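Structural characterization, general
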Amino acid sequence: MTTAGMSGAGVAVPGPAVTRRALRRQRRTAGRRSAGATVVGVLGELLITLGVLLGLFVFWQLFWTDVVAERAQEQVVQDLGWARTGDAAPDTVVAAPDAEQRDPAPVMDAPPHGTTFATLAVPRWGPDYVQPISEGVTRADVLDVLGIGHYPGTQMPGEIGNFAIAAHRNTYGKPFHRVEELRLGDALVVQTEDAWYVYRVSATQIVLPQDVDVIAPVPGDPTAEPTTAMITMTTCHPLFSSRERFIVHGELDYWMPTDAGIPVELTGGEGS
Amino acid sequence: MYGWLWRVMPGPAWLRVVLLVLLAAAVVAVCFTWLFPAIEPLMPFNDITVDE
């Protein structure tokens with residue numbers, strides 16, 4: 001009785017091999033049964049793939065371009081040879097206060113498009129913030145690869161008028177990402193091969209993209225004759241959008257030759 | 001589509017998994033190197049310059 005019952009159970013429940021074969025047969029017939037189901041299945045897989053690719057694109061745009069551009073821009077600063085780098089040795093000579101000069105500063109000629117001719121250091125953005133400044137504001141060959149671009153036709157560092165520069169707020173190294181943290185009086189330190197130019201933030205404003213007067217020699221008044229040396233930084237606003245522009249104006253505080261040492265503003269004494 | 005891809009892969013299951021991972025990595029590399037930089041200027045949110 002017991003034995004018969006067990007053998008009966010053995011017949012009723014098929015072994016693992018039978019199950020697998022049966023499943024396979026079932027799957028095959030199911031596939032043959034409906035061509036429409038196959039089409040819907042492939043379509044679904046394509047849509048899932050598209051979704052994954054879109055996600056990858058967002059990752060590439062928001063993070064990977066930063067990784068690539070930050071590495072490249074750091075290399076650009078190093079390749080200049082004369083520029084102070086973000087990880088400069090702490091034993092750098094700090095310039096004596098009497099090296100700071102407030103007479104008309106030396107002005108270099110505008111270089112050809114795409115040439116890196118200066119760097120920008122902003123103590124407020126950390127002691128290792130040093131970014132190259134290159135001629136031109138086109139995306140493919142300046143802003144996306146070299147970082148900060150200088151509006152062609154605007155003045156050069158130290159020159160009476162407006163030294164106007166632009167950079168990405170997000171993506172591609174995002175040189176001006178933290179622009180909203182700047183406060184009035186913060187130092188903006190521009191280094192060229194021959195001189196340091198220390199500007200101080202004098203105003204910030206948010207404008208529409210077509211308000212190009214902000215980079216005029218006298219910001220906001222394209223017909224006026226400039227009397228002071230200014231710097232203007234422009235970048236996108238708000239974050240992750242290009243609906244408006246965030247503008248920072250600064251006035252030249254002093255300049256000094258590069259061989260006098262480094263400006264005291266870069267020694268960590270302020271902006272931390 | 002992916003079922004077909006799995007069936008045409010040679011070798012045992014672990015080898016197929018390795019091959020598919022390599023294939024996925026290749027697709028990502030192609031996207032990052034050529035595809036995304038090519039389509040990026042066409043995105044509306046990247047229109048940041050003002051034409052005068």
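Residues numbered from 1 in each chain as written. Chains lettered and ligands numbered in written order. Predicted model: local features only at pLDDT ≥ 70, side-chain atom pairs only at ≥ 80, totals over all residues.

All right, on to the overall build of chain A then. Helix and strand counts for chain A stand at four helices and eight strands. Going from N to C terminus, chain A has its helices and strands arranged as α-α-α-β-β-α-β-β-β-β-β-β. Burial statistics for chain A: of 272 residues in total, 33% are counted as buried. Long-range pairs, those at least 24 residues apart, make up 62% of the contacts in chain A between residues at least 6 apart in sequence. (Helix = DSSP H or I, 4+ residues; strand = E, 2+ residues; numbered from the N terminus. Buried ≥ 20, exposed ≤ 12 C-beta atoms within 10 Å, placed from the backbone. Contact = placed C-beta atoms within 7 Å.)

Regarding its fold elements, chain B presents two helices and zero strands. Compactness check: chain B gives a C-alpha radius of gyration of 18 Å against a globular reference of 10 Å for 52 residues, more than 25% above the reference. The principal-axis extents of the C-alpha atoms in chain B amount to approximately 60 × 20 × 10 Å. Counting only residues that meet the buried cut, chain B has 0% of its 52 residues in that class. (Rg over C-alpha atoms; globule rule 2.2 N^0.38 Å.)

Compared with the 68 Å implied by 1.5 Å per residue over 46 residues, the 64 Å span of helix 3 (residues 35-80) of chain A between its first and last C-alpha is a close match. At A:W60, helix 3 of chain A shows its largest bend, some 40 degrees. Of all the positions in helix 3 of chain A, only A:W60, A:T65, A:A69 and A:Q73 are classed as buried. Where the residues of helix 3 of chain A are buried, they touch strand 2 (130-135) of chain A together with helix 2 (13-39) of chain B. (Expected span 1.5 Å × (residues − 1). Bend = angle between axes of the 7 residues up to and from the residue.)

Turning our attention to the pairing of strand 7 (residues 229-237) of chain A. Residue and element names in this part refer to chain A. The buried fraction of strand 7 amounts to eight of the nine residues, a majority that puts the element mostly inside the structure. Both strand 4 (residues 161-166) and strand 7 contribute to a ladder of six bridges, which runs parallel. Pairing of N162 across the sheet is with M230, part of strand 7. Both strand 7 and strand 8 (residues 244-257) contribute to a ladder of eight bridges, which runs antiparallel. Considered in strand 8, the bridge of T234 is made with I247. Hairpin connection of strand 7 to strand 8: six residues between the antiparallel strands, including F240 at a positive phi of 60 degrees. (Pairing = 2+ DSSP bridges.)

Attention shifts here to the environment of A:A110. All names here are of chain A. Looking at where A110 falls in the secondary structure, it is placed in the loop between helix 3 and strand 1 (116-121). Owing to 16 C-beta atoms within 10 Å, A110 belongs among the partly exposed residues under this scheme. Once the C-alpha coordinates of A110 and H150 are considered, the two residues, 40 residues apart in sequence, prove to be 9.6 Å apart.

This part takes up unusual backbone geometry. Residues and elements named next belong to chain A. Look at the link from H237 to P238: it is a cis peptide, with omega at -10 degrees. Position of P238 among the secondary structure elements: in the loop between strand 7 and strand 8. Even without being a glycine, Y172 presents a positive backbone phi close to 55 degrees. Looking at where Y172 falls in the secondary structure, it is placed in the loop between strand 4 and strand 5 (187-191). By C-beta crowding, Y172 is classed as buried, having 21 other C-beta atoms within 10 Å. Phi is positive for F240, which is not a glycine, with a value near 60 degrees.

Moving on to the interface of chain A and chain B. Listed per partner, the contact involves 15 residues of chain A and 13 residues of chain B. For the side of chain A that touches chain B, the leading source of residues is helix 3 of chain A, giving nine residues. The residue inventory of the side of chain A that touches chain B, partitioned by class, reads 10 nonpolar, three polar and two charged. (Nonpolar A, V, L, I, M, F, W, Y, C, P; charged D, E, K, R; others polar.)

Turning our attention to the sheet that holds strand 5 of chain A. Backbone-to-backbone hydrogen bonds pair the strands of a sheet. The strands run either parallel or antiparallel. Residue and element names in this part refer to chain A. Overall, mixed pairing links the eight strands, which are arranged 1-2-3-4-7-8-6-5 in a closed barrel. Strand after strand, the sheet turns through a mean of 30 degrees between neighbouring axes, direction not considered. Here three bridges tie strand 2 to strand 3 (residues 148-150), and the two strands are oriented parallel to one another. Paired with E135 across the two strands is H150, which belongs to strand 3. Docked against the sheet, helix 3 engages strand 1 and strand 2, running at close to 80 degrees with respect to strand 2. (Axes fitted to C-alpha atoms, helices over the stretch in contact; angles between N-to-C directions.)

A word on the packing of helix 3 of chain A against helix 2 of chain B. Packing of helix 3 of chain A against helix 2 of chain B brings their axes to within 11 Å, and their N-to-C directions diverge by 65 degrees. The element helix 3 of chain A and its partner helix 2 of chain B pack so that their crossing is right-handed. The segment helix 3 of chain A lies against helix 2 of chain B, with A:L53, A:L56, A:F57, A:W60 and A:W64 engaging B:V28, B:C31, B:F32 and B:F36. Classifying every residue of the contact of helix 3 of chain A with helix 2 of chain B by side-chain character gives nine nonpolar, no polar and no charged. (Left-handed = near helix turned anticlockwise from the far one by under 90°.)

What follows deals with the pairing of strand 4 of chain A. Each regular strand carries side chains that alternate between the two faces of the sheet. Residues and elements named next belong to chain A. With five of six residues buried, strand 4 lies mostly within the body of the structure. Note: strand 3 against strand 4, two bridges, orientation antiparallel. Looking at strand 4, one finds that H150 is bridged to I165.

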